[in-house]
Amino acid sequence: MSTLFGLLAFVISLSVYVQSSPLLKRGVRTSAVCVNVGQIAAGSMLLLEYTPPGSPARQYTVGPYVFPPVQVGGRLEVIYDPKRPQHVSLPDRLPQGTRGLVITMAVSGAVLAACAVRIVMAVQI
């Protein structure tokens with residue numbers, strides 16, 4: 001059970017780190033305009049459009065929202081990676097830093113290592 005918990009915590013924290021680290025390190029804030037609001041069972045989805053300098057316009061879907069923060073024509077701030085402009089997020093959806101993620105990866109990695117050692121020791125006995 002602890003192996004599964006350690007693996008799950010490691011995979012989730014690694015995924016969040018890989019997604020958010022470039023945006024936290026070199027992300028550029030810009031204003032995106034809402035070009036469409038769609039409905040799904042869970043709420044409203046917003047289609048945002050932003051244009052990085054020297055690149056074509058990009059679109060980003062975000063949601064679901066019970067109460068969308070903007071309607072068509074409204075603006076929201078987004079952060080995109082200038083090296084990969086398609087990689088984008090809303091600022092409030094990013095962690096404040098990566099320290100917690102690195103600590104979570106280290107602890108869950110230690111749990112996985114301890115479980116692996118325990119399994120190897122059990123097999124040898």
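The coordinates are above.
Now for a quick tour of the structure. Remember, it's a predicted structure, so these values are computed and weren't measured experimentally. (Residues numbered from 1 in each chain as written. Predicted model: local features only at pLDDT ≥ 70, side-chain atom pairs only at ≥ 80, totals over all residues. Heavy atoms only, no water.)

Re the pairing of strand S2 (residues 43-50)
Then, number 1: For strand S1 (residues 28-40) and S2, the ladder comprises 7 bridges, and the chain directions are antiparallel. Its bridge partner being in S2, Ile40 is matched across the sheet by Gly43.
Then, number 2: Here S1 folds back onto S2 in antiparallel fashion, the turn holding 2 residues.
Then, number 3: Across 6 bridges, the pairing between S2 and strand S3 (residues 58-65) is antiparallel. (Pairing = 2+ DSSP bridges. Helix = DSSP H or I, 4+ residues; strand = E, 2+ residues; numbered from the N terminus.)

Regarding the pattern of salt bridges
Then, number 1: One pass over the structure, following the stated rule, counts 2 salt bridges.
Then, number 2: We note a salt bridge from Arg26 to Asp81, for which the minimum N-O separation is 2.7 Å. Here Asp81 lies in strand S4 (residues 75-81) and Arg26 lies in helix H1 (residues 2-26), a separation of 55 residues in the sequence.
Then, number 3: Residue classification places Arg26 among the partly exposed positions, given a relative accessible area of 31%.
Then, number 4: A relative accessible area of 0% means that Asp81 is categorised as buried.
Then, number 5: With a closest N to O distance of 2.8 Å, Glu77 and Arg29 form a salt bridge. Placement of Glu77 in strand S4 and of Arg29 in strand S1 is noted, with a sequence separation of 48 residues between them.
Then, number 6: On the accessibility criterion, Glu77 (40% relative accessible area) is partly exposed. (Salt bridge = Lys/Arg side-chain N within 4 Å of Asp/Glu carboxyl O. Buried < 20%, exposed > 50% of the residue type's maximum accessible area, 1.4 Å probe, protein only.)

Quick word on the pairing of S1
Then, number 1: Pairing geometry for S1 and S4, over 6 bridges, is antiparallel. When the bridges of S4 are listed, Ala32 appears paired with Leu76.

Quick notes on the nonpolar core
Then, number 1: Ranked by internal contacts, the top residues of the largest apolar core, which has 14 residues, are Leu46, Leu48, Tyr50, Tyr60, Val62, Val78 and Leu90.
Then, number 2: Contributing elements (two or more residues each) for this core: S1, S2, S3 and S4.
Then, number 3: Not counting the four nearest positions on each side in its chain, Val78 is found in contact with Val28, Arg29, Thr30, Ala32, Leu48, Tyr50, Tyr60, Val88, Ser89, Leu90 and Pro91. (Core = buried A, V, L, I, M, F, W, Y, C linked by side-chain atoms within 4.5 Å. Contact = heavy atoms within 4.5 Å.)

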